[in-house]
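Overview (structure and organization)
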Amino acid sequence: MARALYKEAWATVPVNFAPLGALIVMKISVFGFRTTRRFASIAILASFVFSNAFAVEALRSENINVKSNSSAMTKYTTDLTQLGREGRLRAVLSFEAETLRLVKVLAEGGVRQPVIVDQDKAVQTAIVEQAALRIAKGSVPARLANKTILKLETEVLFSNERTNADAAKAIDAIVANVIASKGQTILFVDELTNLVGSLAVKSNLFGAIAEGKLVMIGGSSAAAYEDRISSDAEVAGLFEGILVHDRENTTASFDRNAGMKNGEGYQGDNVSPDLREMMKQDPSGKKRVDVILQAKDADNAALRALMATGQARVADRIGSSETLLVNLPLSALNTLSTSGLINYVSPNRQLRVTGHIEDTTGAAAMRSQPAMNGRSAYTLDGSGVGVAVVDSGIQSNHKGFKNNSNSGRIVANVNFTTSQMNATTDNYGHGTHVAGLAVGNATNRSNAYKGVAPNANIISVKVLGTNGEGDTSSLLNGLDWIIQNQAQYNIKVVNLSLGTTAVDSYVNDPICLKVRDMVEAGIVVVAAAGNLGKDSSGSKTYGRIHSPGNSPYAITVGATNSYGSDSPTDDTVASFSSRGPTRSFFTTASGMRVYDNLIKPDIVAPGNRLVSYRAVGNTMSILNPSLSVLPLLGETNDDAMMYMSGTSMSAPVVAGAAALLMQINPKLTPGMVKMILQYTAMPVAGANTFEQGAGQLNLDGAVRLARSLRTDVEFENLAKGTATVPAGWAMPSTTSNVGGGSFQWAQLITGDHTFMTGQNLVSQFQTIYTRSNTFGAGVGFASGNFNLNSTYFTTGLSVNRNVVTSDGGANGSGTTWLSYGVLVGDGVLVGDGVLVGDGVLVGDGVLVGDGVLVGDGVLVGDGVLVGDGVLVGDGVLVGDGVLIGDSVLLGDDTASMQ
């Protein structure tokens, strides 16, 4: 009877405990978006209410008398850690990812308190029990060693205490005990709204959390609070939501262990070359490292036992996949390598991020679309298409991310960093600028700084922290979330203006494999090429495309300099833009390196001194105020603009273009989007294939070509040779008028080591356009010649093996820059004095020796990049530093902002 009364009373929240004063209810939005699907909502209302007595006395002082509290502690709490020591908790691997996330947040020791988000209290409890079990076994970071997790048994408390005042008194006593432990005790409350009392929410309670006096784990039913999202940044910044994976409605996973299609699978040594080098440098094997372990079966008992013998600790799991973040001693790697239980292991490498866009890309002229193919006239602006910006976050209140009715267009906002800042804040400033170029909708300054797809839905996936830094595991978690939530937010395009050194072949690289998963799910993935196109003396360098831009499944984007003019006539490839070929590799059993040597980038787009949106108080603009664009009369912080340069700026321009193509025809495959962008690209005269791929983005041509294709079929399901165009179709004019000039289309696509031409690339379905294939899949090499495999290509097409310096014409016209195609096999080719030995590119490529960039370059050791610079503004990259603004060198940057 008492329990029934308790449930009835709490069904009418808020409840006012009269003796305790007015109830204070605070709303907390951890991720800041809405959903209708179980497990996918992260909107959290956390109502903390404490009694006056506790507020005034317990939180004010650390000298708390706890003798009178022992009764409440005994009756209404359970020591979960002690249960773990006694062997009374069972290990449950199905919630491993969430458990590891919980441990990570607790170990961080900051002010943010974790909240388990799930409909089922039993699930919330199970995850916290797993964390307690890890503490009991000592398999947690040192900061959590010997901690105690106490569960507040709310149902027992409310069904036993006779009055509201008695319940409040009991909870006050318990919390006072927790505070008295000085951080050694962690209180778990399976439903935060059941804490009773009043006052203290804004000041004393938050003060206790901020000062480290009170450590809590919360549990919350997401659906119950879905429509009550808080805008109180002060409160939201103190909590971090941990979403429980939806194991009932997830996208099907991809079986890597069965081997990839087209003969692609994990190849060569299953330990990455940089880990091998670490092992050489530390013969004792005592050094501990964080690695990304791609297991054949992450739950395999033999694998778990093997890692345990090497004192390995699983720190994270990427969703429900077989990929783990593991901390282990180097001595454990050889045993893992020969165990037969893993596919590949590599370091948890560090990541860093690295104005007239509508006119110079041709987007402005294509906004108004006529009625066509049974469709009424419409505005081409990305409406309905979800674009995920994977970066440092987005300033959500910038006017550029709102629609005409001033409603926010960020439909999802998730954070996979351990940053203590609010999940919705872009403290670094990179993500806000990037998002503006792709999907910005600012109307100030006569609409001069709108993005390419200004009405697309925005999904912000934060993987980079306050200083623009992240790591592989954070990125993998973010990309996995995108796959799981693709359908809910209609995510069609993902922008990756970030990267890391491309060491591992794309067939082994965990980030590249996740890119492939996204493409196989039907998502267009756009990646920045990198900013390593020249060395400290200003000389060109080649072979320095970043991961995941080295993946053939990604559309990799280099940068052009438009010199501020709308006409592409004077455009050149930006000197900082990374050039191909890709130099990622795997190592054979005999120790030979086999380089990927793919043609990259795929396309180029404006990326020098672009004006886009500025997040207020961001790190970059604080360090160099000259990046900021001075406000005009009447403009506020919500209108703020700034300059940046880099392939990080070029990539979102192409991502916005991809969103427009998906609005025109949502049935396009990612491969067809890439084909359309390349086929209609404008070749940049004087630039070679390794610098520009097919050429510069041309939205005029891309839109006209895309809207001429069939809309009555799912292209993914078509057989090779099926017509992709309606009856009576004629090829649109293959010239475009952009910015006052007339330009020919490239009319080609690039494969791994060649480029292909022919109108049938457009008019007939090629098997290479399916989600599981790449353009190079059907190109063979034998007896010194390239050929097109009839399984993948129709007739009527030509293949060209040359890397060409373009003359601005169609079909790859120009002069041969490299006479023997792009490097194939293991790179052992000789032709025109360019290739010799073990994958060694000499001459203009400045790659000398076994894949080691020397001379004026900054690649040292066995293919490991150091001093990877970041261009922001129009600066020239100097040495191994980071440039911000106009050639201002600000220290050393050791990884990879684009």
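Up top you'll find the structure we're talking about.
Residues numbered from 1 in each chain as written. Predicted model: local features only at pLDDT ≥ 70, side-chain atom pairs only at ≥ 80, totals over all residues. Heavy atoms only, no water.

All right, on to the overall build of the protein then. The helix and strand inventory of the protein stands at 25 helices and 48 strands. Every one of the 898 residues in the protein was classed for burial, and the buried ones make up 63%. (Helix = DSSP H or I, 4+ residues; strand = E, 2+ residues; numbered from the N terminus. Buried < 20%, exposed > 50% of the residue type's maximum accessible area, 1.4 Å probe, protein only.)

What follows covers unusual backbone geometry. Here Ser-547 and Pro-548 are connected by a cis peptide whose omega angle stands at 10 degrees. Along the chain, Pro-548 falls in the loop between β22 (524-528) and β23 (555-561). Along the chain, Gly-580 connects to Pro-581 via a cis peptide bond; the corresponding omega equals -5 degrees. If you trace the backbone, Pro-581 turns up in the loop between β24 (572-573) and β25 (585-587).

For the rest of this paragraph, the subject is the environment of Val-439. Following the sequence through the fold, Val-439 ends up in helix α15 (residues 430-439). What makes Val-439 buried here is its relative accessible area of 0%. When near neighbours in sequence (up to four residues on either side) are disregarded, Val-439 contacts Val-387, Gly-400, Arg-409, Gly-451, Ala-453, Pro-454, Ala-456 and Ile-458. (Contact = heavy atoms within 4.5 Å.)

Another point: the packing of aromatic side chains. The full count for this structure, using the stated rule, is eight aromatic pairs. With centroids separated by 5.6 Å and ring planes inclined at 85 degrees, the aromatic side chains of Phe-690 and Trp-817 adopt a geometry described as edge-to-face. Note that Phe-690 is positioned in helix α23 (residues 689-692) and Trp-817 in strand β39 (residues 814-818), a separation of 127 residues in sequence. Residue classification places Phe-690 among the buried residues on the basis of a relative accessible area of 0%. (Phe/Tyr/Trp six-rings, centres within 6.5 Å; stacked < 30°, edge-to-face > 60°.)

The next point concerns the sheet that holds strand β11 (residues 323-329). Judged by pairing direction, the sheet is antiparallel, and its four strands sit side by side in the order β10-β11-β9-β12 without closing on themselves. This sheet does not close on itself; its edge strands, each paired only once, are β10 (313-317) and β12 (342-347). Going across the sheet, the axis of each strand differs from the next one's by a mean of 30 degrees, ignoring polarity. Here β10 pairs with β11 via four bridges, running antiparallel. (Pairing = 2+ DSSP bridges. Axes fitted to C-alpha atoms, helices over the stretch in contact; angles between N-to-C directions.)

Within the structure shown, the criterion is met by 23 salt bridges. Arg-304 is paired through a salt bridge with Asp-299; the nearest N and O atoms lie 3.9 Å apart. Taking relative accessible area as the criterion, Asp-299 reaches 35% and is therefore assigned partly exposed. Where Asp-712 meets Arg-710, a salt bridge forms, and the shortest distance between an N and an O atom there is 3.0 Å. (Salt bridge = Lys/Arg side-chain N within 4 Å of Asp/Glu carboxyl O.)

In the sheet, strand β28 (residues 610-613) pairs with strand β30 (residues 641-644) via four bridges, with the strands oriented antiparallel. Note on β30: the bridge partner recorded for Val-611 is Tyr-643. Where strand β29 (residues 628-629) and β30 come together, two bridges link them in antiparallel fashion. Each bridged residue has a counterpart across the sheet, and for Val-629 the counterpart in β30 is Met-641.

This part takes up the environment of Val-345. Considering the arrangement of structural elements, one finds Val-345 in strand β12. Taking the C-alpha atoms as reference points, Val-345 and Leu-324, separated by 21 residues in sequence, lie 9.5 Å from one another. Filtering out sequence-adjacent residues up to four positions away, Val-345 remains in contact with Asn-270, Val-271, Ser-272, Leu-275, Val-291, Ile-292, Leu-293 and Leu-333.

This part covers the nonpolar core. When a protein is soluble and globular, its nonpolar side chains tend to lie buried together. The biggest cluster of nonpolar side chains holds 89 residues, and the ones touching the most others in it are Val-654, Leu-661, Leu-668, Val-673, Ile-676 and Leu-677. Here this core takes 12 residues from helix α21 (residues 647-664), the largest share from any one element. Leaving out residues up to four positions away in the same chain, Leu-661 has contacts with Leu-668, Val-673, Ile-676, Leu-677, Ala-702, Val-703 and Ala-706. Among the nonpolar cores identified, the runner-up in size contains 33 residues, and Ile-459, Leu-476, Val-525 and Ala-554 belong to it. (Core = buried A, V, L, I, M, F, W, Y, C linked by side-chain atoms within 4.5 Å.)

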